[in-house]
Each structure stands twice: as structure tokens, then as C-alpha cells.
Amino acid sequence: MPFTPSAYNTYDFANRRHIGPSPSEMAEMLKVVGVQTLDQLIDETVPAGIRQKDALSWAPLSEYRLLEKMREVAGKNRVMTSLIGQGYYGTVTPPAIQRNILENPAWYTAYTPYQPEIAQGRLEALLNYQTMVSDLTGLPVANASLLDEATAAAEAMAMAQRSAKSKAKAFFVDINCHPQTIAVIETRAQPLGIEILKGEPEELVADQVFGAIFQYPGTLGHVRDFTAQCEALHEAKAVAVVATDLLALCVLKEPGAMGADIAVGSAQRFGVPMGYGGPHAAFMSCRDAFKRSMPGRIVGVSIDANGNKAYRLALQTREQHIRREKATSNVCTAQALLAVMASFYAVFHGPMGLKTIAESVHYHAVRLRDALVAAGADVQPAAFFDTLTVRVGVGQQGIMAAARHRGLNLRKVGTDRVGISVDELTDEGVLTRLLDAFGITEPAPTEVERGFPEALVRESDYLTHPVFQMNRAESEMMRYMRRLSDRDLALDRAMIPLGSCTMKLNAAAEMMPITWPEFGSLHPFAPRNQAEGYHEAIADLTEKLCEITGYDAFSMQPNSGAQGEYAGLLTIAAYHKARGEEHRNICLIPVSAHGTNPASAQMAGMKVVVVKSAPNGDVDIEDFEAKALEAGANLAACMITYPSTHGVFEETVRTICEITHKHGGQVYLDGANMNAMVGLVKPGEVGSDVSHLNLHKTFAIPHGGGGPGMGPIGVKAHLAPYLPGHPEEGTDGTVSAAPYGSASILLISWAYCLMMGGEGLAQATRVAILNANYIASRLKGDYPILFMGNRGRVAHECILDTRGFAEVGVTVDDLAKRLVDNGFHAPTMSFPVAGTLMVEPTESETKAEIDRFITALLAIREEVRAVENGEISAEDSPLRHAPHTVEDLVAEWDRAYTREAGCFPPGSFREDKYWPPVGRVDNVHGDRNLICICPPPEAYAAE
Ligand SMILES: *Cc1c(COP(=O)(O)O)cnc(C)c1O
């Protein structure tokens, strides 16, 4: 008998993993929506005039073949011992942290903790991070991470400008800062009209500046005390910023003790792999007086409805981008997951462990210095922690090559020195190889003296809080990590239907390669021929993203969506400038835009002009045209979101692009909603000039509880020459510390594209649209759908209008918290319209899970109806008492509804019931009594 295996549709087989509804479920859903086929729904949703002509070209790969390909590409990277330093260091990720945090979907699939009741675990971990940063830097307030050290330094400059009483217009930058830090500061300063004065710390003239940044250890190793500079700055009513290194601070006098106002740096070497540039958490801490102008998120302690301790994001309105064009920062997505890893590194090692690591690093550095000096070398600096430079004269290339021959990367410093940074991985073997490269065969001395003066020795305690003192048996650690993750509701438990955030599957196969050493252990400034695998991946991803978007070039540098906006607008500004039209500075932004849009425009030095919405939610074309005309020769750009933030494909998008171009402006299309477009519509063909893609939304990078993300920008050819550059490549316009941003997570998006294939991606888009329309169809009788296209369809998300409930006292907050009882994360609240819920199911959710969600929302509607009918008051209803905790269940029950109704509403599970660890969190209490670190030890009180 001849035998052939049964035929399956390759693309279907490859993509069942990612696409939730099965073919038969899809058929049922289409019926409910009222169409015959998926194509018919798409035709009714996406205007014909903007559809792309050709299908995306590449074939899908199975998981197995994908991982095989990833292995092959990984093999093209060469893992060497990188002693390059410059902000990136070898570190050991404790396996317990790698497995239980980095590789654990309970941590990496979580959303930003805006709903604190379902996020107590990650909020505690982030509070630990803040406590650690605060302790080590000696400053009382710290935030929950920033994007990287260089952007943190630029944020500190902006913060200094806002807070300083000095009216000076210049900012001083210590040339001992890392080159990429200086580059990013310069990029940021230019549109704000800030003059940058560079020099050695002793060249500071304090009354010329509103602030200054110094770095220790300096990029070439110098360890200095900046107390005198801080005093001089304070005398001149200017602000002192210090960039520093957390590991060094375990043995060195801390910035707070020098009088610094703000400290910044990277937490990378606390157990986070280098990853060819990231992602890593940057940190920022400050004096109490500065806390209200701090960018990013701050976790704080408050109480819940029962008066129990509960964490939540503090000073939420301080999240700068929410202030729109009045914002001084656009930070939204930051580096939560990496901050959590760094905090656990500190919990894992405790203060004694960290001190031991720091001392060991320093010991090896001193031994190296002494051995080199004994051999007659000129070694700098005199006072150092981990980094040295050696004068090698014309032998520079030779020494670098000799080191490489021994598996070591050194840093090229000028034309006649090499730099060496030792790290946690440096041992006797590394020292021996290193000395051998210099032709020294004597072993390094073991009896040495400290390499920095007594006055710089750290005197204060740190990490005295009990969490850093716990028993470090791995059982305890593992259980602590598990306990915290159990408190949270992430994608590994339930759908997270967050409009505009695209919380889709992050498939295991896509995640696996990022922890392979061939990808994790590469230094971002390692020679390019050691990173061929990365460059192959980045080139192929770029090609695919160009095909998907219709753009001609991409920059992978921006490491969040908002950074992409900023970079894209700077690209537009540079283009205008090159054409002698530097005066163009007006940016038109619809009132419905995401808050980061106006914040980014402001940072790029543009004047924001707000455009109205029409009653149907579209951009008001008449108003747009009038404002464009008024801006005239000063029109720089418009920023639009497509499909609109109202979840509709506007028919008029081409007209908006034409009007903008007619007046000489450029179109920035916010790509956060690409999940409604991939494979169907190319922004570059609709008339847009530049977009960022949120790879952490559309392209499967997990949200990590608030980061990491990647926001690469695509541009049409005429803008390509003005994309961000990097000092390592001899170019400028730098927006991130590393040339390819958080390069290692690009692999996730690449793997996603490869496994889906072009047709799979288009199918994902269609099903995302189907899922959203299915929800809209099922709910529209009970919740008005706020905006629809002219054929009654929504795109990949829909807005439930719940504003009418306010009449009987039921708020959108009540609905969101009640959904927790049903076992769901709330949809996006009050964006883009106050008092509404925006639901985005994504293609990854199955019909069963979507039905469970619909069941929950219909049951909640009945509870609202009971209030409307006067059967129960809003105050007494389960809506107001939500979410219900175990504490509520077992306490005396005097509610106007049953325990069953309160704790087990439709949609919730009985066996797998998710119990929020706290009841409704009191935000006002927390902001009135701001506590954003674990209670500080006595030693730091004297400031
Ligand atoms: C998410 C989002 C952004 C910002 O992206 P981040 O990565 O959080 O900085 C910008 N615009 C829209 C419409 C978004 O949904």
C-alpha cells in the first residue's frame, strides 16, 4: 500500500499556537457578527482604498525549525569575555532568578500595574528595587526604573532644568561620563535650547549653569568625590546630578553623602545579561524636594478598603506623559521586568553578598594594576574601582588583538591606550590571560592595598530592610518569588483585554533564545565580527518590517514606543533643517492622541496644536485643515494614530496626509495599533512618512509588568539619512545608550515573524478584528459601543460606553474592580474617552475565554441594572465592594448580597479562583502619605 501522511495546511498548523479561535469557533463567531466569511468582515471593516495589494511574502516555520534556525544564528555570534566596560559588565544571573523570573510567564506576561489589586506581587518587587536604589545611592526617593543609563541622565538634565532656581541656560557635562550618555544628553538638550558645557569636574563654573552631571566611576575608571562641586552648585542654586554604578556603591561613598540631588545609572550588572545592549533597568533617585518632578513610575505604599497595607503606583498624575504637552518627559513603558530581576539579585545576595562581589571586583582590579605597574606600564587612574586604562602607544592594535586571541575584548581608548573593566566574572584565569596578552608571565600579586582613598570608603549601611536579610536558601528564594507572582494576574491566568496595549500571546519558542549565552553575553560595543548572528537577525527583521509597513528604512535604537515618537520627530526636524526650513516647529495632534504624543513633540522642541475630533470620533477634517493652514510654512508634522485611538479605520486618513504634505509638513503615524493592520494595510502606502512600531504590543515581546519594550521607527527613503546615529558608529542624533536599543528582545519579534509567516501575520490581524467585532456584537445590546466605522464595524478594539452608569453612581472604577472578582484584568479605563472601557481581545484569545469575559460583563451589567432599578444602592452593591478578598469571605457578612454573589460572580472559577490579596486600594491616602521605599534605616536619616 502506498502511504502518504495526511495533508495539513502548513500555515494553519504553524499558527494554531498563536491564533485563539479554532476554525469551527471562527465560523460560529462570524455568524454572530453577521457575515458569511472572514474576508467579508475585513472588507466591511478596512476601507478598500487603503488595502495593500500584495500579500506578505515569507513562509512560516514550525517551532522546531525556528529553534533550529535560532541555534544556527546564535552560532554566528562569538561569546568572548568582554572587559570593555563603558556601562556594560559581565554578571551572573542567578539561575533561580533566570528560571523563576526571566523565564516565567507569571512575571514576564504581566501588564503595567495600573490595577494595583491584581499587581501586588510585582509592586512589592519594584518597591524592593526602589529601596535598593535609594539605599545604595543614599537618596530617599527612587523610581521603578527608566529605559537606560543615557536616557536617565538626559531625564535628570530635564528635571534639573525644571527644578533649579538658577536661571542659567547651560548644563555642565563631566567628560568622564560614558560617550553614549553624553551623546544622548546632547540630543535631548538641542531642541530644548540648552547649551552643553563639557569639561573635567574641576572645570565647572557653577554660576554658568542650572545643573551639572558628574560620573563615578568615570568612563575611564576615575573615582572622585564631588562634594565640592555639589556645594558650589547649591551655592549657585543649581542642581547636582551624579551618574554612578550600584556595585561600586557597595564599597564607595554614596552620591547622597556627597550632596548630590539626583543619582542615575544602570542596574544591568545586578544579574541582567548584557544582551548586546539590553534590555536593562536604569535607575534614578533624588532628594525629597525633587520627587514631584521625577519621570517614570513610582511605587508607593497605601492601604486598602479594610485598612490593610497595599502597594500601588504613587502620584499617578505625575507620570509625566499624562500631562501631555506640559510634560517634561514622555516615559511610559520602562524596564519593570529588569528592575524586578535586579531587585531579586539584591535580595538573593543580600548586603554582605553584594559587598563581597564588589570587593572581589575591586581586588582583581588592584591586582591587575599592580601587575601592570610592576612590569613598567603606565596605568591610570590613581583612584579607581573596576576600570583602568593602560598606555600602549602604537602597540594598541597589537594588544587588542593579543587579548582577543586569548578570548578577551578590551576597550580602545584614544589612539594609544586600552581600557579594561573587570567584573563579577573575572577570576584568576581571566587575570592570567589578560597579563599574558601584555607579555607578563609573573602571576598578579595577591597582597595589595585598596585602590581608592580612605575618604571615599563607604561608611553607611545599606539594605538593612528585612527583605534583604532573609534566609538565602534557594527554597526560601523560590517560594518568595512564587508567592509574589501568585498575587498577580498575568496572561498565564486570564485574558488581559487592554485596548491600545495588545496583550497577545508571547509564545515560549519566541522567548527561549533570549537566555542563550550566545545572545545574552554579547557586549553592545564588541567588535562587529563577533555579532554576525545579531546582525543577520536585525537585518532580516528590518527587511520584514519594511515589507509589513511599506517603509524604506528602520532604526532599531528607540527602546520604547514613546522613545520612537521622540526619535521620529527628531528625524523629521533634522530633515526640515537640512532643507533650510528649521523654522518649521508646529505639530498637529488630535485631541484623542495617546499622552506620549504631545509629550514627545514637546521634547522634540515642537509646538503642539490640538485638533478636534468629529462627533463620530474621527479627526475633524475641517479643523485639521484650518490648523494646517494657520501653521502654514511653520508646519513641521502631524501625529495621528491609525486606526484611530477610537478603534476605527478612518476613511479620511489619506486626506489628512495630503493636507499635511501640501503645507510642507511630515506625517507621523503612531503604530501602536499595527495589530489591526499587519498584512492588510501598510502605513507607508497610506501617505505616512514615519511610524514607530511597539514591538512589545504587535510583535509579541511581553510587557514584563511595565517593560521592556522596543519602539523602532520606520521611515520613507527621504528621511532615512536623518535617523538616529551613535557615537560608536561615529554618528550623532543618538537617542539610546546602545546602537540597537534593547537588541536581545528583537529576537522575540523576529521569531514571531518567522513562525507566523507573512500569511500567518495577516490572519492574526483578521482574527484580531474578528474577536473585537464578536465582542462588540455580543455586548452592544447592553453596553453602547462608542465608535464604529460607517458599516458598523470596529477595528481590533472597541470602546464600551459606560458613562451613563454614573447617573446612578456606578463608576468605571467599580466595573474594573468588579472584573477582578470575575477573574479578569480590566480593559483600558478612560482612554481615549473618560469614563469608558476600551477592550482589545487580540487574536490570541480563544472563543471560550472571550465568552467567559462576555459572561462576566453581562453579569456586571445586571448588577448595574439592579442599582438602576433601585433594588440596591451603588454603595451597597458588590460593584462598590469589589474586589472581594478571602478576608471579606471569612469576615462577618453583613452585605446586601450573598457571599456567593460577591465572591463567585459568573465567569469566575471555583477551583482556580483568583483571589486578589488586597481589597480596593485607597489612592488618595497613599498620595497624602507618600512612602515609596521599604521604611529606611536610621543611618540615612541624617541628610
Ligand atoms: C502604548 C502606546 C504608546 C507608547 O508606547 P510605550 O512603549 O509605552 O512608550 C504610544 N501611543 C499609543 C497609541 C500607545 O498605545
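These figures come from a predicted structure and were not determined experimentally.

Some details on the pattern of salt bridges
According to the stated counting rule, one finds 48 salt bridges in the structure shown. A salt bridge links Lys76 to Glu536, with the shortest nitrogen-to-oxygen separation between them at 2.7 Å. Taken together, the residues Lys76 in the loop between α4 (63–74) and β1 (81–82) and Glu536 in helix α18 (residues 532–549) connect sequence positions 460 residues apart. The exposure class of Glu536 is partly exposed, given its relative accessible area of 28%.

Structural notes on the UniProt feature "modified residue: N6-(pyridoxal phosphate)lysine" (unreviewed entry) in the chain
Here the UniProt feature "modified residue: N6-(pyridoxal phosphate)lysine" (unreviewed entry) sits at Lys697. Here Lys697 is to be found in the loop between β21 (690–692) and β22 (713–715). Setting aside anything within four residues of it in sequence, one finds Lys697 in contact with Ser500, Cys501, Thr502, Lys504, Ala672 and His703. Only 3.2 Å separates the side chain of Lys697 from the backbone oxygen of Ser500, close enough to count as a polar contact.

A look at the sheet that holds strand β11 (residues 379–380)
Here we have 4 strands laid out as an open sheet, ordered β11-β12-β15-β14, and antiparallel in their pairing. Edge positions in the sheet fall to β11 and β14 (411–413), since each of these pairs with one other strand and no more. Where strand β12 (residues 387–391) and strand β15 (residues 417–421) come together, 5 bridges link them in antiparallel fashion. Each residue of the ladder has a partner; that of Thr387, found in β15, is Ser421.

Quick look at the domain arrangement of the chain
Much of the literature gives interface size as the accessible area that the parts lose upon coming together. Each assigned domain of the chain is listed here: domain 1 (87–403 + 427–493 + 928–943), domain 2 (556–742) and domain 3 (757–926). Here domain 2 and domain 3 have C-alpha centroids that lie 32 Å from each other. Ranking the residues of domain 2 by area buried against domain 3 places His646, Gly647 and Asn675 at the top, with a combined share of 33%. Summed over the shared surface of domain 2 and domain 3, the result is 0 salt bridges. Our enumeration of links across domain 2 and domain 3 arrives at 5 residue pairs in polar contact (both at pLDDT 80 or more). In terms of residue class, the side of domain 2 that touches domain 3 is made up of 9 nonpolar, 11 polar and 1 charged.

Overview of the UniProt feature "domain: Glycine dehydrogenase C-terminal" (unreviewed entry) in the chain
Taking the UniProt record as the reference, the feature "domain: Glycine dehydrogenase C-terminal" (unreviewed entry) is found at residues 764–884. In the segment residues 764–884, helix accounts for 43% and strand for 8%; the C-alpha atoms at its two ends are 36 Å apart.

As for the packing of aromatic side chains
As enumerated under the stated definition, the model contains 20 aromatic pairs in all. Each ring, one from Phe172 and one from Phe214, has its centre 6.0 Å from the other, and the planes form 45°; the classification is tilted. With Phe172 in strand β3 (residues 170–174) and Phe214 in strand β5 (residues 209–215), the pair connects residues that are 42 residues apart, well separated along the chain. Taking the relative accessible area as the measure of exposure, Phe214 reaches 0% and is therefore buried.

So, the pairing of strand β19 (residues 635–641)
Within β19, 7 of the 7 residues are buried, which leaves the element mostly enclosed by the surrounding structure. Sheet topology note: the strand β17 (residues 586–590)/β19 ladder contains 3 bridges and is parallel. Within β19, the residue paired with Cys587 across the bridge is Ala637. Inspection of the sheet shows β19 paired to strand β20 (residues 666–670) by 5 bridges, in the parallel sense. Bridging across to β20, Cys638 finds its partner in Val667. Assessed by its sense of winding, the connection that carries the chain from β19 through helix α22 (residues 653–662) to β20 is right-handed.

Observations regarding empty space enclosed by the protein
Here the structure, examined in full by the defined rule, presents 11 cavities of 30 Å³ or more. Taken as a whole, the largest cavity holds about 180 Å³ of empty space. If you trace the largest cavity, you find 19 residues lining it, with Leu102, Pro279, Ile514, Ser744 and Ile745 closest to the centre. Broken down by element, the residue count for the lining of the largest cavity peaks at 3 residues, all from helix α12 (residues 336–374). Taken together, domain 1 (87–403 + 427–493 + 928–943) and domain 2 (556–742) each give at least three residues to the lining of the largest cavity, which thus spans both. Each pocket or cavity is described by its volume, and for the second largest cavity that value is around 140 Å³. Around the second largest cavity, the lining is made up of 17 residues, and of these Gly87, Tyr89, His178, Thr244 and Asp245 lie nearest the centre. Along the lines of polarity and charge, the residues of the lining of the second largest cavity split into 2 nonpolar, 11 polar and 4 charged.

Conventions used here
- Residues numbered from 1 in each chain as written.
- Predicted model: local features only at pLDDT ≥ 70, side-chain atom pairs only at ≥ 80, totals over all residues.
- Heavy atoms only, no water.
- Salt bridge = Lys/Arg side-chain N within 4 Å of Asp/Glu carboxyl O.
- Helix = DSSP H or I, 4+ residues; strand = E, 2+ residues; numbered from the N terminus.
- Buried < 20%, exposed > 50% of the residue type's maximum accessible area, 1.4 Å probe, protein only.
- UniProt positions renumbered as here; feature names shortened; annotations may be inferred.
- Contact = heavy atoms within 4.5 Å.
- Polar contact = N/O pair within 3.5 Å; in protein donor to acceptor, adjacent residues only side chain to side chain.
- Pairing = 2+ DSSP bridges.
- Domains from an automatic or database assignment.
- Buried area = accessible area lost by both parts, 1.4 Å probe.
- Nonpolar A, V, L, I, M, F, W, Y, C, P; charged D, E, K, R; others polar.
- Phe/Tyr/Trp six-rings, centres within 6.5 Å; stacked < 30°, edge-to-face > 60°.
- Right-handed = clockwise from strand over helix to strand, strands pointing away.
- 1 Å grid on protein atoms, 1.4 Å probe; cavity = no way out; pocket = protein on both sides within 12 Å on 5 of 7 lines; lining within 4 Å.
- Points joined across faces, edges and corners; volume = space filled by probe spheres on them.

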